[in-house]
Amino acid sequence: VQLQASGGGLVQAGGSLRLSCASSGRTFSSYAMAWFRQAPGKEREFVAAISWGGGSTYYADSVKGRFTISRDNAKNTVYLQMNSLKPEDTAVYYCAADRILSSRYSDYANPWYIYWGQGTQVTVSS
């Protein structure tokens, strides 16, 4: 599975961006998908995840109510709609994929995913 993230950029605080992560291969629909981010000097942190079928979503408290994760299995793509962006959202955003069948938040939030994209930079100016 190869993942290609896109959609990052520079935006003012309060603005919006939509990230996309396109997957190669024919088994996309069998993978849970997630977004993580890493700011300079900080550890990679969980942002959001979606179950393989799209029926369950999981969010970090810091983005709940502002970010929305979704997927289109027909297009092999997962999205992250980011609204009301804040300067502290500035980071490189990575998409990730793994086969997760549980419904435990911790299983989606841990950075143990098998497949990772290359990252896309999001910069929010104040």
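Residues numbered from 1 in each chain as written. Predicted model: local features only at pLDDT ≥ 70, side-chain atom pairs only at ≥ 80, totals over all residues. Heavy atoms only, no water.

A few words on the pairing of strand E1 (residues 3-6). Burial of E1 is one-sided: the residues Leu3 and Ala5 facing one way are buried, the residues Gln4 and Ser6 facing the other way are not. Two elements, E1 and strand E3 (residues 17-23), share four bridges in a ladder whose sense is antiparallel. In the sheet register, Leu3 faces E3, and the bridge partner there is Ser23. (Buried < 20%, exposed > 50% of the residue type's maximum accessible area, 1.4 Å probe, protein only. Helix = DSSP H or I, 4+ residues; strand = E, 2+ residues; numbered from the N terminus. Pairing = 2+ DSSP bridges.)

Let us now look at the pattern of salt bridges. According to the stated counting rule, one finds five salt bridges in the structure shown. Residue Asp89 pairs with Arg66 through a salt bridge whose shortest N-O separation is 2.8 Å. In this pair, Asp89 sits in the loop between strand E8 (77-82) and strand E9 (91-98) while Arg66 sits in the loop between strand E6 (57-59) and strand E7 (67-72), placing the two residues 23 residues apart along the sequence. Each member of the pair, Asp89 as well as Arg66, carries the same accessibility label: buried. Connected through shared salt-bridge partners, Arg37, Glu45, Arg66 and Asp89 make up one network. (Salt bridge = Lys/Arg side-chain N within 4 Å of Asp/Glu carboxyl O.)

Counting 40 residues, the largest nonpolar core has Met33, Trp35, Leu80, Met82 and Tyr93 as its most contacted members. Setting aside anything within four residues of it in sequence, one finds Leu80 in contact with Leu17, Arg18, Leu19, Trp35, Val47, Ala48, Phe67, Thr68, Ile69 and Tyr93. (Core = buried A, V, L, I, M, F, W, Y, C linked by side-chain atoms within 4.5 Å. Contact = heavy atoms within 4.5 Å.)

Time to look at the side chain of Ser20. Structurally, the position occupied by Ser20 is in strand E3. The exposure class of Ser20 is buried, given its relative accessible area of 17%. With near-sequence residues (within four places) excluded, Ser20 lies in contact with Gln4, Ala5, Ser6, Trp35, Thr77, Val78 and Tyr79.

Turning to the state of the cysteines, a few remarks are in order. Throughout this description, disulfide means a covalent bond between two cysteine sulfur atoms. Applying the stated rule across the entire model yields one disulfide. Paired through a disulfide, Cys21 and Cys95 show a sulfur-sulfur distance of 2.1 Å. Judged by the sign of its S-S torsion, about 60°, the bond between Cys21 and Cys95 is right-handed. Of this pair, Cys21 sits in strand E3 while Cys95 sits in strand E9, and the two are 74 residues apart along the sequence. Accessibility classification places Cys21 together with Cys95 in one group, the buried group. (Disulfide = S-S within 2.5 Å.)

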